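Here is how the chains run, residue by residue.
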Amino acid sequence: MESKETMKMTKDDLIEDLDIFPFTRLIWHSEKSRRIWEPKFKNAAPLHHKSEYEMVRQGYRKCATLHFASKSFDSLIEKILEDGLIWLPIQRTKSYGGFAHKHYPTTADDPDSSVYGVLSSSVEDANLFRKASGYFQNREACDHSIIGELLGFPDCDYVFFNDVWMDGFFDPMWQHAIVADSAEMTGERTLKVEESIYNVQLLRYTGHRFNSHFPHSLSCKKSQEVGKKWEEVGNYLNPSAVEDLKDILRLPIKWTCLHGIAQVETPHFTLLTNSMPTKERWTILFEALD
């Protein structure tokens, strides 16, 4: 059996030019599971998006990203102005279902599109974010360290993002699990971890997570503290949603990835979504510590 020190995912493990358009499919394992867990799932799902806005409004982050769809423009821009915040556009992107790991650029006359932009309480910070995103020059010339700092990510984590995501691993579940303190190889490309619910990203595809960033390791203490701040803000917005989210993240989770599809399985439901285009199956078995 491979050791965790040698079981690294490399570019040779990926299928070239395979890009699955964003989608998610949720499958309930039984009617009993649906009856008990679907209300929790639905109650917790919007919490992360709402908390991201609130983290900026309450001053815990300098910036956040926010998509504007035409149907929500009137109400959202009014709320932003009433809260003393600003929003600046960065890029128009195709609309999609599920979770997107990147933007899909389109033109202004595309009716099935939204505008990706930055939310902030400061014009200076918003423009700094746009500049770091390549808005004023080549879109490829992004400074992810500045972006990560403005989004409130610990420095160890935006360095990880630069090293891993920029190398083509746009859904680096394996990369941050393999270096966790509790990581243990239990089979070929199969890893077991016992870590904090504040760091787990295995259900991020449906919005079920605390942190908005990838910790460099599932054991990252700085990220756990940031996650607890998200929990605090979440309790301000909807305490019952926080408790439902914690119940969901405490479930045993099995994440597998093969040929661009991730299958995320709990005792009550399975989620199918787009992920890394791996040639072989990679598996993470997650157990919650808190």
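Above this text is the structure in question.
A few points on the structure. Please read all numbers here as calculations on a predicted model, not as lab measurements. (Residues numbered from 1 in each chain as written. Predicted model: local features only at pLDDT ≥ 70, side-chain atom pairs only at ≥ 80, totals over all residues. Heavy atoms only, no water.)

## What to know about the sheet that holds strand 8 (residues 261-265)
One open sheet accounts for 7 strands, arranged 1-9-8-7-10-6-5; its pairing is mixed. The open sheet has two edge strands, strand 1 (24-28) and strand 5 (184-187), and neither has a second partner. When the angles between neighbouring strand axes are averaged without regard to direction, this sheet yields 20°. For strand 8 and strand 9 (residues 269-274), the ladder comprises 5 bridges, and the chain directions are antiparallel. For Ala-262, the partnering residue across the bridge sits in strand 9 and is Thr-273. (Pairing = 2+ DSSP bridges. Helix = DSSP H or I, 4+ residues; strand = E, 2+ residues; numbered from the N terminus. Axes fitted to C-alpha atoms, helices over the stretch in contact; angles between N-to-C directions.)

## What about the nonpolar core?
Judged by nonpolar contacts, the single largest core of 51 residues is most densely connected at Trp-174, Val-193 and Trp-255. If one sorts the elements of this core by residue count, helix 9 (residues 239-249) sits on top with 5 residues. What Trp-255 contacts, discounting residues up to four positions off in sequence, is Asp-171, Met-173, Leu-202, Tyr-205, Ala-262, Gln-263, Val-264, Ser-275, Trp-282, Thr-283 and Ile-284. Among the nonpolar cores identified, the runner-up in size contains 13 residues, and Leu-88, Ala-126, Leu-150 and Phe-153 belong to it. (Core = buried A, V, L, I, M, F, W, Y, C linked by side-chain atoms within 4.5 Å. Buried < 20%, exposed > 50% of the residue type's maximum accessible area, 1.4 Å probe, protein only. Contact = heavy atoms within 4.5 Å.)

## Concerning the sheet that holds strand 3 (residues 86-94)
The 3 strands lie next to each other as 2-4-3, forming an open sheet whose pairing is antiparallel. In this open sheet, the two edge strands, each paired with only one partner strand, are strand 2 (63-69) and strand 3. For this sheet, the mean angle separating the axes of adjacent strands, direction not counted, is 30°. Direction of pairing for strand 3 relative to strand 4 (residues 113-120): antiparallel, over a ladder of 8 bridges. Considered in strand 4, the bridge of Leu-88 is made with Val-118. With respect to the sheet, helix 2 (residues 47-57) is in contact with strand 2 and strand 4, its orientation differing from that of strand 2 by roughly 130°.

Fair warning: the whole summary comes from geometry, so function is off the table for now.
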